[in-house]
Amino acid sequence: METIRKTVTGMTCEMCVRHVREALEDLDGVDRAKIDLARKEAVITYDASKVGLDEMAKAVKDAGYEMA
Ligand SMILES: [Cu+2]
């Protein structure tokens, strides 16, 4: 497992936090996504052999947010 810290923009409330967390955790290979609204940050624990950054960024984008 690896852990990365990424900036997520577009979140304004706890519902946004939930949407982003679920979008990430629904991906095969993502073990856990901790989202911090105030810091606009996602801390993601994942299996790099199963899922990549591009896929995670796309999932967040599809949910309506941006992960840089
Ligand atoms: Cu919201």
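Above this text sits the structure in question.
Residues numbered from 1 in each chain as written. Predicted model: local features only at pLDDT ≥ 70, side-chain atom pairs only at ≥ 80, totals over all residues. Heavy atoms only, no water.

Enquirer: Please explain the coordination of the copper ion as it appears in this structure.
Expert: Octahedral six-donor coordination of a metal ideally yields angles of 90 or 180 degrees, compared with 109.5 degrees for tetrahedral four-donor coordination. The protein atoms that coordinate the copper ion are Cys 13 (SG) and Cys 16 (SG), at distances of 2.1 Å. Residue Cys 16 is classed as buried on the basis of its relative accessible area of 8%. (Donors = N, O, S within 2.8 Å, 3.2 Å for Na, K, Ca; no water. Buried < 20%, exposed > 50% of the residue type's maximum accessible area, 1.4 Å probe, protein only.)

Enquirer: What is the right way to look at helix α1 (residues 14-25) in this model?
Expert: Think of an α-helix as 3.6 residues a turn; residues three or four steps apart then line up on the same face. Here α1 spans 16 Å end to end across 12 residues, near enough to the 16 Å set by a 1.5 Å rise per residue. Within α1, burial applies to Cys 16, Val 17, Val 20, Ala 23 and Leu 24. Projected down its long axis, α1 carries its buried residues within an arc of 135°, all on one side. Contacts from the buried residues of α1 go to β1 (2-9), β2 (30-36), β3 (41-46) and α2 (53-62). (Helix = DSSP H or I, 4+ residues; strand = E, 2+ residues; numbered from the N terminus. Expected span 1.5 Å × (residues − 1). Arc of directions from axis to C-beta. Contact = heavy atoms within 4.5 Å.)

Enquirer: Sorry, what's going on with the sheet that holds β3 here?
Expert: The strands making up a sheet are joined through hydrogen bonds of the backbone, oriented either antiparallel or parallel. Read across the open sheet, the 4 strands follow the order β2-β3-β1-β4; overall the sheet is antiparallel. The two strands at the open ends of the sheet, each matched to only one other strand, are β2 and β4 (66-67). Inspection of the sheet shows β2 paired to β3 by 6 bridges, in the antiparallel sense. Within β3, the position partnered with Ala 33 by the bridge is Ile 44. Relative to β2, α1 is tilted by about 165°, and along the sheet it contacts β1, β2 and β3. (Pairing = 2+ DSSP bridges. Axes fitted to C-alpha atoms, helices over the stretch in contact; angles between N-to-C directions.)

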